[in-house]
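# Survey of secondary and tertiary structure
These are the residues of each chain, in order.
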Amino acid sequence: MPRDHFLNAAYTIKSWLLTMDHKRVGLLYLFSITFFFLIGGTFASLIRLELATPEADLMEADQYNVAFSMHGIVMIFFFLIPSIPAVFGNFIMPLMIGAKDVAFPKLNLMSWYLFIFGGTFGVLTTLLGGVDTGWTFYTPFSSTYSNSNVILAGMAAFIAGFSSILTGLNFMVTIHKMRAPGITWFKMPLFVWGMYATSLIMVLGTPVIAITLALMMVERGLHIGIFDPALGGDPVLFQHLFWFYSHPAVYIMILPGMGVISEVIAAFSRKRIFGYEFIAMSSVSIAVLGFFVWGHHLFVSGQSIYAGMVFSFITMLVAVPSAIKVFNWMATIYKGSVSYDAPMLYALGFIGLFSIGGLTGVFLAIMGLDIHMHDTYFVVAHFHYVMVGGAVTAFMAALHFWWPKISGRMYPEGWSRLAAFLIFAGFNMTFFPQFIVGYLGMPRRYHVYPEEWQLLNIMSSAGATVLAVAFIVPVIYLLWSLKNGKIAGPNPWRATGLEWILSSPPPEHNFPTTPIVEEEPYDYGEVIENPVHEEEEEHEHA
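Residues numbered from 1 in each chain as written. Predicted model: local features only at pLDDT ≥ 70, side-chain atom pairs only at ≥ 80, totals over all residues. Heavy atoms only, no water.

## What about the overall build of the protein chain?
Inclusion rule: Under the DSSP-based scheme used, a helix requires at least four consecutive residues in state H or I and a strand at least two consecutive residues in state E, with every element numbered from the N terminus. In this description the radius of gyration comes from C-alpha coordinates, and the expected globular size is given by 2.2 Å times residues to the power 0.38. When a residue's accessible area, from a 1.4 Å probe over protein chains only, is under 20% of the maximum for its type it is buried; when over 50% it is exposed; and in between it is partly exposed. Areas reported as accessible are Shrake-Rupley estimates using a 1.4 Å probe. Residue values count occlusion only from the protein chains shown.
A count of helical and extended segments in the protein chain gives 17 helices and zero strands. For 542 residues, the compact-globule estimate of 2.2 N^0.38 gives 24 Å, and the C-alpha radius of gyration of the protein chain, at 23 Å, lies within 12% of that figure. With the principal axes as the frame, the protein chain shows a C-alpha extent of 80 × 45 × 45 Å. Every one of the 542 residues in the protein chain was classed for burial, and the buried ones make up 58%. Surface exposure of the protein chain reaches about 21,800 Å², of which carbon and sulfur atoms provide 70%.

Structure follows, in C-alpha cells:
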C-alpha cells in the first residue's frame, strides 16, 4: 500500500463533506446509491411477496400501488441513473484521461448535494405514505385525481435532475479540455466515450423531464389546465414530453455500462478491443438515435399510425449500434487469452442478458405485437433484462474491476465468482417467467391475478429471494476485504490504461506530473508497467 493516498489524506467528516476530490465525491455517490438501492429493493421484495399468491394477502390495492410506484421512482431516479455515471464516472474517468480532477470540482460537490437534497424528498415521500402514480406520473391521475404525495415525489425527481445535468456538463467539459497530451479522441478509453455520450443525453434530455414534472406540479397545485382534459389540457402531451426524456434515460443507464464492459472484455481477454472506432461511434449513435424513438411508448395512445410506423422503424434502427457492440465484444473474446475472474463473469452475464433485453425490445417496437403486450409483464421482463441484467450487472462488473484500485485491496475470488453466478441465476429465475406470464396476458401493476398464473409467479418470487441473498454476499466480502484483503498493488489485472499506472488507492492529486501518452489504447502486446511502484517495492525491500 502506498504511504499517502486519497483515503488517508484526511479523516474528518468535514474532509469528506467538503471535499473537492473527484474520487471522494465518487465514493459519496457510492454510499448514497447503496442506501437508495436498499429502499428500492425493499419495495421490490414487498411486490414479489404479494404476488406469490393470487389473492391480496399482504397488501390492499392502494398499498400495492404505492409499493410499485416507490420501487420504480427510487430505483430509476436514485439508483440506476446515477449508479455508473456518478460513481465510476467521477472516480475513474479523470484518471483515465490523465486529469488531476474534473473541470469544476465545486460544481461536482454541489451535484452530490443536489442529489442528496432530492433524495431527502424521496425519503420524506416514503415516510409520509408514498405516491401511487407509478414512476411515470401519468396525467391527469397524477395532476388531479391521486390522493398521494405527488408533489413531494415530483420535487424529488425534479431536484435530482439538476444533479444529473450538472454532472453531465462537468464531464463534457472535462473530456473536451483536460485530456493529457497524446490522448486524442480516438485514443480515449471506451468507458470515456460511453461517459461522453451519456453526458450529451444528461445535458440535452434532462431539462425536458424537469419542465414536464414542473408543469405537472403546477397543474396539480394551481389547477391550470395543461394536461387534464377537464381543465382544457392534453394528457397525451404529458406522455410525449415524459418519454422524450425517459427513453433516452434508458441509455443514460446503459451506455456507461457498455463502456465498462468494453474495458473488462479487453482486460480479461488480453487483446486490443476489436473494432475500437465502431464501438466508440456506436455509443454516440445510440445517444443521438435515442432522442427519436419516444413515440414507440405511445402506440396505444391514439397517435397517428404513420407516426407510429416512423417511430417503429427508428426504434429497430437503435438495435444496429447495440448489435455492433455485442459483435465486437465477442470478436475480442475470440482467440483471446480469457481469464474468468469476477469482473469477466459479470461482463459475460451482461452480454447474454442485455441481448435478451434488446431483442425483446425489438418485439415491442413492432406495433402489432406491442398492442398485444402493452402494459403486460412482458414489458416488465424486457425492461428489467435491460436495466438489471444490463445496467446493474455492468455496475457489478465495474465495482469488482475497479475495487482494488479504489480500496487498494483484493476481495476473495471464490466468493465473488459464487456471487456472480447466484446473481445471474436468481435474475433469470425472477424475470424469465415474467416473459411467459406477460405474453399470456397478465397485466402489470395488478396485485391479484387468476390462479393459473400462480406457478410462474412463485418461480419469479423464489428467484427474487435468491437475487436478494446474492446481492448481500458482495456487500459482506467487499467490506471484509477493506481490512483483510490482500494488497492489490497498482495493476492487479495487468490491464492497460493510465488509471493502472497509479498506486492503489490513488494519490490525492492523481498524477505528480502530467502524463504523456504515446501508446494506442488497449495495447496488450506490451502491458504497462509501473516504474513508480517498482521504486516503492525496492524501497520497502531495502
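Moving on, there is more to tell.
## Considerations on the packing of helix 3 (residues 61-91) against helix 14 (residues 377-407)
When two helices pack together, their arrangement is given by the angle between the helix axes and the distance between those axes. Formally: Every axis corresponds to a line fitted to the C-alpha atoms, with the helix fit spanning only the stretch in contact, and the corresponding angles, defined between N-to-C directions, vary from 0 to 180 degrees. Left-handed describes a crossing whose near helix is turned anticlockwise from the far helix through less than a right angle; right-handed describes the clockwise counterpart.
Where helix 3 meets helix 14, the axes come as close as 11 Å, and the angle between the chain directions of the two elements is 35°. Seen along the crossing, helix 3 lies across helix 14 with a hand that is left-handed.

## Brief notes about a negative patch on the surface
What counts, and what does not: Candidate patch residues must exceed 30% relative accessible area and have no salt bridge, after which like charges are joined if within 9 Å and Val, Leu, Ile, Met, Phe, Trp or Tyr side chains if within 5 Å. A pairing counts as a salt bridge when a side-chain nitrogen of Lys or Arg comes within 4 Å of a carboxyl oxygen of Asp or Glu. In this count, Lys and Arg are taken as positive residues and Asp and Glu as negative ones, while His and the chain termini are left out. One atom stands in for each charge, and that atom is NZ of Lys, CZ of Arg, CG of Asp or CD of Glu.
Where like charges cluster on the molecular surface, the negative patch consists of Glu277, Glu518, Glu519, Glu520 and Asp523. Along the polypeptide, Glu520 turns up in the loop between helix 16 (454-484) and helix 17 (531-541).

## As for the side chain of Ser407
Basically, it comes down to this: Two N or O atoms count as a polar contact when they lie within 3.5 Å, although within protein this holds only if one can serve as hydrogen donor and the other as acceptor, and sequence-adjacent residues are included solely when both atoms are side-chain atoms. Note on definitions: a residue-residue contact is assigned when non-hydrogen atoms from the two residues lie within 4.5 Å.
Considering the arrangement of structural elements, one finds Ser407 in helix 14. What makes Ser407 buried here is its relative accessible area of 7%. In this structure the side chain of Ser407 is engaged in a polar contact, spanning 3.2 Å, whose partner is the backbone nitrogen of Arg409. Setting aside its immediate chain neighbours within four residues, Ser407 contacts Met1, Leu482 and Pro505.

## Some thoughts on the packing of aromatic side chains
Going by this rule: Between 30 and 60 degrees the pair is tilted, below 30 it is stacked and above 60 it is edge-to-face, where a pair is any two Phe, Tyr or Trp rings, Trp via its six-membered ring, whose centres lie within 6.5 Å. Two limits define a charge over a ring: the Lys NZ or Arg CZ must be within 6 Å of the ring centre, and within 35 degrees of the ring normal.
Enumeration over the complete set of coordinates arrives at 45 aromatic pairs. Ring geometry for Tyr385 versus Phe435: centroids 5.2 Å apart, planes at 35°, classification tilted. Here Tyr385, found in helix 14, pairs with Phe435, found in helix 15 (residues 413-439); they are 50 residues apart in sequence, far enough to count as distant. According to the relative accessible area criterion, Tyr385 is buried, its value standing at 0%. Accessibility expressed as a relative area gives 8% for Phe435, which makes it buried. Between the aromatic rings of Phe427 and Phe431, the centroid separation amounts to 5.0 Å while the plane-to-plane angle is 40°, which identifies the pairing as tilted. Separated by four residues within a single helix, Phe427 and Phe431 lie in helix 15, roughly one turn from each other. Each member of the pair Phe427 and Phe431 is classed as buried. Each member of the aromatic cluster is reached from another via a ring pair, and the members are Phe37, Phe79, Phe88, Phe191, Phe268, Phe395, Phe401, Trp402, Phe471, Trp493 and Trp500. Across from the ring centre of Trp16, 4.2 Å away, lies the NZ or CZ of Arg24, which sits over that ring. One cation-aromatic arrangement involves Arg179 over Trp185; the distance from NZ or CZ to the ring centre is 4.6 Å.

## A closer look at the pattern of salt bridges
With the rule as written, the count across this model stands at four salt bridges. Asp375 is the partner of Arg444 in a salt bridge, and the nearest nitrogen-oxygen pair spans 2.9 Å. Note that Arg444 is positioned in the loop between helix 15 and helix 16 and Asp375 in the loop between helix 13 (367-373) and helix 14, a separation of 69 residues in sequence. Since its relative accessible area comes to 36%, Asp375 is described here as partly exposed. As a salt-bridge pair, Arg417 and Glu413 come within 3.1 Å of each other at their nearest N and O atoms. On the criterion of helical spacing, the pair formed by Arg417 and Glu413 is a turn pair, its members being four residues apart in helix 15. Several salt bridges share partner residues, and in doing so they unite Asp341, Glu413 and Arg417 into one network.

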